[in-house]
Every structure is written in C-alpha cells, then in structure tokens.
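# Coordinate analysis (summary)
Chain by chain, the residues run as shown.
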Amino acid sequence: ESVTSASVQAKEPLADRLAFRIRGSSIPGMLFAGTFTVWKQGRKHDKERQFWLTFRGAEVLVIETDLRSPSLIVLEVPDARQLAAMVNDARGQRV
C-alpha cells in the first residue's frame with residue numbers, strides 16, 4: 001500500500017538534488033548506495049529522505065511511496081521499464 005507509482009527516469013537530475021548521505025556510500029558518478037537527504041523540488045529549505053542503490057547507468061527505476069522515509073526508492077536494475085510496468089500494473093496504473 002505504501003508504493004504509489006514507479007517510473008524510469010534519468011539518474012543525473014535526481015542525483016543533482018542529493019544533499020547529505022545519512023547511511024551508506026557514495027562515489028559521485030559511480031555509486032550511490034544508502035539513505036540520502038534530498039532537497040524537495042522547488043523548496044529550498046524542505047528535505048526528504050530517499051533510498052538509493054545505483055551504479056554508472058544513465059537511467060534508474062524510481063519507486064514513489066507515500067512514506068516520509070523513504071519518499072523515493074531509486075534503483076539501477078537490468079530491465080527498469082519492465083519492472084516499473086509490473087509495479088504499476090500491480091497498483092492498477094500505467095508507466
């Protein structure tokens with residue numbers, strides 16, 4: 001019930017919003033793994049928490065939730081479009 005939607009997005013614009021790593025590792029451009037504080041889009045002083053597990057790929061699977069933490073789950077998976085479709089089908093939505 002906590003998952004609201006899934007989509008495939010470009011990683012770079014999402015990664016540019018990362019503010020602070022709370023738990024995990026990061027090597028910019030190579031690896032983001034763990035929980036990060038992220039600036040909310042359009043709100044300079046408002047932050048949210050996201051879970052990331054990505055490597056060098058350009059596109060990522062983004063799973064949106066209605067939770068405060070994590071509000072987004074960002075994953076690099078082999079067939080992100082198929083997985084997004086499966087998540088949305090389970091939720092009764094389209095990619």
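The structure under discussion appears in the preceding block.
## Some details on helix α2 (residues 80-91)
For α2, built from 12 residues, the straight-helix expectation of 16 Å at 1.5 Å per residue is met to within 8% by its first-to-last C-alpha distance of 16 Å. Taken together, the buried positions of α2 are A80, A84, V87 and N88. Down the axis of α2, the buried side of the element spans an arc of 95°, and every buried residue falls inside it. Exposed residues on α2 whose side chains face more than 90 degrees from its buried face are D89 and A90.

## Examining the environment of S69
One can find S69 in the loop between β5 (59-65) and β6 (72-75). A residue is classified by how much of its surface remains accessible, and S69, at 42% relative accessible area, is partly exposed. Linking S69 and F55, residues 14 residues apart in sequence, is a C-alpha distance of 22 Å.

## A short note on the packing of aromatic side chains
Using the criterion set out here, one finds two aromatic pairs in the structure. Relative to F36, the ring of F32 has its centre 6.0 Å away and its plane inclined at 75°; by these criteria the two rings are edge-to-face. Both residues of the pair, F32 and F36, belong to the buried class.

## Concerning the sheet that holds strand β1 (residues 3-10)
With mixed pairing, the six strands of this open sheet are ordered in space as β1-β5-β6-β4-β3-β2. Strand pairing shows two members of the sheet lacking a second neighbour, β1 and β2 (18-27), which therefore form its edges. Here the strands of the sheet are splayed against their neighbours by 20° on average, with no regard to which way each runs. Taken together, the eight bridges between β2 and strand β3 (residues 31-39) define a ladder with antiparallel strand orientation. Looking at β3, one finds that R23 is bridged to T35. Strand contacts of α2: β1 and β5, with the helix running at about 160° to β1, the strand carrying the most contacts.

## What to know about the nonpolar core
Within the largest apolar cluster, 11 residues are counted, these being L14, A15, L18, F32, F36, V38, W52, V60, V62, L72 and V74. Broken down by element, the residue count for this core peaks at three residues, all from β3. Setting aside residues up to four positions removed in sequence, V74 forms contacts with Q50, F51, W52, L53, T54, V60 and L61. Counting residues in each nonpolar core, the second largest holds eight residues, with A6, L61, A80 and A84 among its members.

Analysis parameters
Residues numbered from 1 in each chain as written. Predicted model: local features only at pLDDT ≥ 70, side-chain atom pairs only at ≥ 80, totals over all residues. Heavy atoms only, no water. Helix = DSSP H or I, 4+ residues; strand = E, 2+ residues; numbered from the N terminus. Expected span 1.5 Å × (residues − 1). Buried < 20%, exposed > 50% of the residue type's maximum accessible area, 1.4 Å probe, protein only. Arc of directions from axis to C-beta. Phe/Tyr/Trp six-rings, centres within 6.5 Å; stacked < 30°, edge-to-face > 60°. Pairing = 2+ DSSP bridges. Axes fitted to C-alpha atoms, helices over the stretch in contact; angles between N-to-C directions. Contact = heavy atoms within 4.5 Å. Core = buried A, V, L, I, M, F, W, Y, C linked by side-chain atoms within 4.5 Å.

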